[in-house]
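What the coordinates show
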Amino acid sequence: MRVVVLTGAGISKESGLETFRDTGGIWTRYNVDDVCTPEGFARNPALVHQFYNEYRDRLKEVSPNAAHKALAEWEKASQDGRWQGELLVVTQNIDDLHERAGSKNLLHMHGELLKLRCVSCGTIEAIVGHSSQETKCPKCEKKAMRPHIVWFGEMPLFMEDIQTALISCDLFVSIGTSGTVYPAAGFVQLARTARKVEINKDPSSGSSYFDTVLTGVATQRVPEFVESFIGHYR
């Protein structure tokens, strides 16, 4: 059995990370057009680096929650024989909470907060602390590093791999997504031959496309779903 799980901002919010729509937090102090667009970076790269530095600092204060851990356990179950299948997690989130929970078969379609990319040579480099306009590329040594984030107007990463997985999967699970941001909002339609399950605090705008809609917080609903699923196939 091939399973694709899509996770969105809702799963990270339950660990304490603010989303675009939340009141309070670092997002309220910045204009999205200034820090999440190529044009904003061109106008004021120092401001963009400052924003993502703050975001990295915030990330250090939070931990994976029960939903992240349940998905990692699901993947582990496929490795130790408790469940026969393949699990791919596709996340819209730029944090590292899935990795810290133990997930390995994972695609960050919107990039990663803890990486920088050189706009000159394309080198991608891990970062834990702060970056600035003075940060040099480790390969070409130019001061041309930007956050390795997919900004508005840019193409999400790994789209060919994701589309291939969706078309051939047997189960598609969407967790903590609004169902309004494309291309992720269209993934449920790409998984046309799969059973489709939505797990969300409230039904998304695309909930009618799913066979099953489970409402409630991810930290409760995801562990319940994973446990029942693994148990069913033991």
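Residues numbered from 1 in each chain as written. Predicted model: local features only at pLDDT ≥ 70, side-chain atom pairs only at ≥ 80, totals over all residues. Heavy atoms only, no water.

Identification of the chain as NAD-dependent protein deacylase from Entomobacter blattae is taken from an unreviewed UniProt entry. A UniProt comment under Catalytic activity (unreviewed entry) is attached to the chain, and it reads "N(6)-acetyl-L-lysyl-[protein] + NAD(+) + H2O = 2''-O-acetyl-ADP-D-ribose + nicotinamide + L-lysyl-[protein]". (UniProt positions renumbered as here; feature names shortened; annotations may be inferred.)

UniProt's feature table lists "binding site: Zn(2+)" (unreviewed entry) at Cys118, Cys121, Cys137 and Cys140, given in the numbering used throughout. For the residues just named, distributed over 23 residues, the greatest C-alpha separation is only 8.6 Å, placing them together at one site. Within the secondary structure, Cys121 is located in the loop between strand S4 (111-118) and strand S5 (124-126). Relative accessible area serves as the criterion here: at 37%, Cys121 is assigned to the partly exposed category. If we skip the residues at most four places from it in the chain, Cys121 touches Cys137, Lys139 and Cys140. Along the chain, Cys140 turns up in the loop between S5 and strand S6 (145-149). Owing to a relative accessible area of 27%, Cys140 belongs among the partly exposed residues under this scheme. (Helix = DSSP H or I, 4+ residues; strand = E, 2+ residues; numbered from the N terminus. Buried < 20%, exposed > 50% of the residue type's maximum accessible area, 1.4 Å probe, protein only. Contact = heavy atoms within 4.5 Å.)

Glancing now at the sheet that holds strand S7 (residues 171-175). Within a sheet, neighbouring strands are paired by backbone hydrogen bonds and run either parallel or antiparallel to one another. Strands sit in the order S3-S2-S1-S7-S8-S9 across an open sheet of six strands; the sheet is parallel. Two strands bound the open sheet, and with one partner strand each, they are strand S3 (106-108) and strand S9 (212-215). For this sheet, the mean inter-axis angle between neighbouring strands, taken without regard to orientation, is 15°. Across five bridges, the pairing between S7 and strand S8 (residues 195-200) is parallel. Residue pairing for S8: Val173 is matched across the bridge by Val197. Along the sheet, helix H5 (residues 66-80) makes contact with strand S1 (2-7), strand S2 (86-91) and S7, crossing S1 at roughly 165°. Sitting on the sheet, helix H7 (residues 159-168) is in contact with S1, S2, S3 and S7, with an inclination near 125° to S1. (Pairing = 2+ DSSP bridges. Axes fitted to C-alpha atoms, helices over the stretch in contact; angles between N-to-C directions.)

Time to look at the environment of Ser63. Residue placement: Ser63 occurs in the loop between helix H4 (45-59) and H5. Residue classification places Ser63 among the partly exposed positions, given a relative accessible area of 46%. Along the backbone, Ser63 and Ser15 are 48 residues apart, and their C-alpha atoms lie at a distance of 6.2 Å. Look past the residues within four positions of Ser63 in its chain and what remains in contact with it is Ser15, Leu97 and Arg100.

For the chain, the assigned domains read domain 1 (1-15 + 64-110 + 156-233) and domain 2 (18-61 + 113-149). Computed from C-alpha coordinates alone, the two centres of domain 1 and domain 2 are separated by 26 Å. Facing the twelve residues of domain 1 at the interface are ten residues of domain 2. Buried surface at the junction of domain 1 and domain 2, summed over both partners, amounts to about 790 Å²; 63% is from carbon and sulfur atoms. It is Lys13, Ile94 and Asp96 in domain 1 that bury the most area against domain 2; as a group they hold 51% of the surface buried on that side. At the boundary of domain 1 and domain 2, one finds zero salt bridges. Inspection of the region where domain 1 meets domain 2 yields one residue pair in polar contact (both at pLDDT 80 or more). In the side of domain 1 that touches domain 2, the residues fall into five nonpolar, three polar and four charged. (Domains from an automatic or database assignment. Buried area = accessible area lost by both parts, 1.4 Å probe. Salt bridge = Lys/Arg side-chain N within 4 Å of Asp/Glu carboxyl O. Polar contact = N/O pair within 3.5 Å; in protein donor to acceptor, adjacent residues only side chain to side chain. Nonpolar A, V, L, I, M, F, W, Y, C, P; charged D, E, K, R; others polar.)

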